[in-house]
Amino acid sequence: MSEEQLVLQETRGSVAILTINRPDKRNALNGALRCSLLGALDAAARNSAVRAIVLTGAGDKAFVAGADIGEFEGRSPVDQYRVMKQPTVFDAVERISKPVIAAINGFCLGGGMELALACDIRIASTSARFGQPEVNLGIIPGGGGTQRLPRIVGLGAACRMILTGDLIDAAEAFRLRLVEEVTAPDALMPRALAIAETIAAKSPVAVAAAKEATRAAVSVPLDEGLKLETALFQLCFASEDKVEGVRAFLEKRTPNFPGR
Ligand code: COA
């Protein structure tokens, strides 16, 4: 299978839909797929027509069922060190300045869960199942799960998932605030796209600054986060988007943001 086919890329209006496409292996992340996903994210980042991204899995069984376990067999610590020195899909999703919405349509396990954790907003279908089952394999989460999961659901709920490896259903994920919304399976993509389109209609400069400032809330001390917010707030005053947004409000019309 070619790299392009491992991640399907479709653009609908201002929204890029990236579909992880290895359904026969429950969309497990192998090296080629990670590479393809990094390329697709980079392309979306560079395309000024794209203002929001929806990330999902192909088929009706899985979002992503984790790292490709077959690749672990025989891998030495040095091999693994080299793999982890490469740019990761988790960091790429978190750092891209455009919002990424996870549309979670089935098993969301291990590295798949960590990919979802790196996204900005998570919407799940009622068929989604979540887990960090790495302990079953004699390893631990290595894509940020031990750090991002406690920041989202709290320490106790994260420990329960990471130490037991037990899966939870969509209702429990919603209760834990691991996902923002749960939909019927057929409503998942329409809802994820509706959220993406709402964001895509806003100022891209403001959305990027808002993502950066808000995400900093869980990684830096309060005083540093407040300084970052102030700096980004002031930066917005240098944008054409701010000129257009304020003028459109005063003229009682819908703004047409240039994205600069
Ligand atoms: N890595 C590699 N292959 C995987 C995989 C993974 N993480 N998850 C699923 N697959 C493969 C299976 O080996 C199987 O391949 P095969 O048809 O060549 O035998 C195929 O995907 C379908 O999986 P199967 O287990 O038959 O489907 P299921 O619907 O009964 O169960 C899961 C789905 C996701 C519950 C189950 O496959 C599973 O537990 N996967 C591993 C999850 C995991 O531990 N992830 C963390 C990795 S660090």
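Look a little higher up for the structure.
This one's a predicted model, so the numbers in the text were calculated from it and none came from an experiment.

**Student:** For this particular structure, what's the right way to read the pairing of strand β2 (residues 15-20)?
**Tutor:** Burial within β2 is extensive, with six of its six residues counted as buried. On β2, burial covers both faces: V15, I17 and T19 on one face and A16, L18 and I20 on the other are all buried. Note that strand β1 (residues 7-12) and β2 share six bridges and pair antiparallel. Its bridge partner lying in β2, E10 is registered against I17. Remark: two residues form the turn of the hairpin made by β1 and β2, two consecutive strands paired antiparallel; G13 in that turn has positive phi of roughly 65 degrees. In the sheet, β2 pairs with strand β3 (residues 52-57) via six bridges, with the strands oriented parallel.

**Student:** What is the right way to read the pattern of salt bridges from this model?
**Tutor:** Oppositely charged side chains are able to pair whenever their charged atoms sit close together. Applying the stated criterion across every chain, the model contains 16 salt bridges. The salt bridge partner of E94 is R148, with a shortest N-O separation of 2.7 Å. Taken together, the positions of E94 in helix α4 (residues 89-95) and R148 in helix α6 (residues 145-153) put the pair 54 residues apart, joining distant regions of the chain. The partner of R253 in a salt bridge is E251, with the nearest N and O atoms 2.7 Å apart. The class for R253 is partly exposed, based on a relative accessible area of 33%. Where salt bridges share partners, they join D91, E94, R95, D120, R148, K211 and R215 into one cluster.

**Student:** Hey, could you run me through unusual backbone geometry in this one?
**Tutor:** The phi angle of most residues is negative, glycine excepted, and most peptide bonds adopt the trans form. Residues other than glycine seldom take positive phi values, yet N27 does so here, at roughly 60 degrees. Along the chain, the position of N27 falls in the loop between β2 and α2 (31-46). On the accessibility criterion, N27 (0% relative accessible area) is buried. Positive phi outside glycine occurs at K252, with the angle close to 55 degrees. Relative to the helices and strands, K252 is located in the segment after α12 (240-250). Its relative accessible area of 78% is what places K252 among the exposed residues.

**Student:** Would you take a moment to explain the site of the ligand for this structure?
**Tutor:** Around the ligand, 14 residues are found, and the nearest of them are K25, R26, A65, A67 and I69. Taking D24, its main chain carries an N or O atom lying 3.4 Å from an oxygen atom of the ligand. Tallied by class, the residues present in the shell around the ligand amount to nine nonpolar, no polar and five charged.

**Student:** Got a minute to help me understand the sheet that holds strand β9 (residues 168-169) in this structure?
**Tutor:** Here we have four strands laid out as an open sheet, ordered β4-β6-β8-β9, and mixed in their pairing. Among the strands making up the open sheet, the edge pair consists of β4 (62-64) and β9. The sheet contacts of helix α5 (residues 111-118) involve β4, β6 (107-109) and β8 (129-131), and relative to β6 the element is tilted by about 90 degrees.

**Student:** Got a minute to help me understand the packing of aromatic side chains in this structure?
**Tutor:** Remark: the centre distance and the inter-plane angle together describe each pair of aromatic rings, the angle taken between the planes. Taken as a whole and judged by the stated rule, the model has one aromatic pair. With a centroid separation of 5.2 Å and an interplanar angle of 50 degrees, the aromatic rings of F233 and F237 are classed as tilted. There is no split in this pair, since F233 and F237 are both exposed.

**Student:** Sorry if this is basic, but what is going on with α5 here?
**Tutor:** Side chains three or four residues apart in an α-helix point the same way, a direct result of the helix having 3.6 residues per turn. Burial of α5 is extensive: eight of the eight residues sit out of reach of the surface. Along α5, the residues that are buried comprise G111, G112, M113, E114, L115, A116, L117 and A118.

**Student:** Would you mind going over the side chain of K211 with me for this structure?
**Tutor:** Following the sequence through the fold, K211 ends up in helix α10 (residues 204-216). By relative accessible area, K211 is classed as buried at 9%. Reaching out from K211, the side chain makes a polar contact with the backbone oxygen of I96 at a distance of 2.8 Å. Within polar-contact distance, the side chain of K211 engages the backbone oxygen of K98 at 3.1 Å. Apart from the residues within four sequence positions on either side, K211 is in contact with V93, E94, I96, S97, K98, P99, V100 and D120.

How each quantity is defined
- Residues numbered from 1 in each chain as written.
- Predicted model: local features only at pLDDT ≥ 70, side-chain atom pairs only at ≥ 80, totals over all residues.
- Heavy atoms only, no water.
- Buried < 20%, exposed > 50% of the residue type's maximum accessible area, 1.4 Å probe, protein only.
- Helix = DSSP H or I, 4+ residues; strand = E, 2+ residues; numbered from the N terminus.
- Pairing = 2+ DSSP bridges.
- Salt bridge = Lys/Arg side-chain N within 4 Å of Asp/Glu carboxyl O.
- Near = heavy atom within 4 Å.
- Polar contact = N/O pair within 3.5 Å; in protein donor to acceptor, adjacent residues only side chain to side chain.
- Nonpolar A, V, L, I, M, F, W, Y, C, P; charged D, E, K, R; others polar.
- Contact = heavy atoms within 4.5 Å.
- Axes fitted to C-alpha atoms, helices over the stretch in contact; angles between N-to-C directions.
- Phe/Tyr/Trp six-rings, centres within 6.5 Å; stacked < 30°, edge-to-face > 60°.

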